[in-house]
Amino acid sequence: MNKETVATERFLLEVPRNEVRLARSLLRKMGWIIRKPRKSGLQQALEDVEAGRVYEAKSIEDLMAQLDA
């Protein structure tokens, strides 16, 4: 099995959420590689703050109880 070396190029493709399945299917059929970039911990934390998913402990005991849960 001899594989040819093919020059590739990387780019960002934005697809409407309701058409992601179709896009993935088409790209796979063409033999293209699909990778979803991972968010860093900082990006996730900033999104949590923006969405209001934060918790302020009332005391150190309250904080420790939340960490143990």
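In the block above lies the structure referred to throughout.
Please read all numbers here as calculations on a predicted model, not as lab measurements. (Residues numbered from 1 in each chain as written. Predicted model: local features only at pLDDT ≥ 70, side-chain atom pairs only at ≥ 80, totals over all residues. Heavy atoms only, no water.)

A. Spatial organisation of the overall build of the protein chain. Within the protein chain, the secondary structure is distributed over three helices and zero strands. Walking the protein chain from its N terminus toward its C terminus, one meets helices and strands in the order α-α-α. Relative to its 69 residues, the protein chain shows a buried fraction of 4%. Just so you have it, the protein chain exposes about 7,600 Å², and 53% of that area is on carbon and sulfur atoms. Of the charged side chains in the protein chain, 13 are positive and 11 negative, and the gap between their average positions amounts to 12 Å. (Helix = DSSP H or I, 4+ residues; strand = E, 2+ residues; numbered from the N terminus. Buried < 20%, exposed > 50% of the residue type's maximum accessible area, 1.4 Å probe, protein only. Areas by Shrake-Rupley, 256 points an atom, 1.4 Å probe, with all protein chains shown as cover. Lys, Arg positive; Asp, Glu negative; His and termini not counted. Charge placed at Lys NZ, Arg CZ, Asp CG, Glu CD.)

B. Quick peek at the pattern of salt bridges. Counted according to the given criterion, the structure contains two salt bridges. Of the charged contacts, one joins Lys39 and Glu47 as a salt bridge, the two residues approaching to 2.9 Å between their closest N and O atoms. Overall, the relative accessible area of 46% leaves Lys39 in the partly exposed class. One salt bridge connects Asp48 with Arg53, and the closest N-O pair in it is separated by 2.8 Å. For Asp48, a relative accessible area of 29% translates into the label partly exposed. Of the residues examined, Arg53 reaches a relative accessible area of 53% and is grouped as exposed. (Salt bridge = Lys/Arg side-chain N within 4 Å of Asp/Glu carboxyl O.)

C. Structural context of the environment of Leu27. Following the sequence through the fold, Leu27 ends up in helix H1 (residues 20-29). Those residues in contact with Leu27 that sit more than four places away from it in its chain are Leu13, Trp32 and Ile34. (Contact = heavy atoms within 4.5 Å.)

D. Structural view of the side chain of Asp62. For Asp62, the position within the fold is in helix H3 (residues 60-68). For the buried residue Asp62, which engages in no salt bridge, the nearest side chain bearing the opposite charge is Lys58, 4.6 Å off. A polar contact of 3.0 Å, which involves the side chain of Asp62, links it to the backbone nitrogen of Lys58. Once you skip the residues sitting within four places of it in the chain, Asp62 turns out to touch Tyr55 and Ala57. (Polar contact = N/O pair within 3.5 Å; in protein donor to acceptor, adjacent residues only side chain to side chain.)

E. Fine view of a nonpolar patch on the surface. Taken together, the side chains of Phe11, Leu13, Val15, Met30 and Trp32 define a hydrophobic patch exposed on the protein surface, amounting to about 530 Å² of accessible area. One can find Trp32 in the loop between H1 and helix H2 (41-51). (Patch = residues over 30% accessible without salt bridge, like charges linked within 9 Å, V, L, I, M, F, W, Y side chains within 5 Å.)

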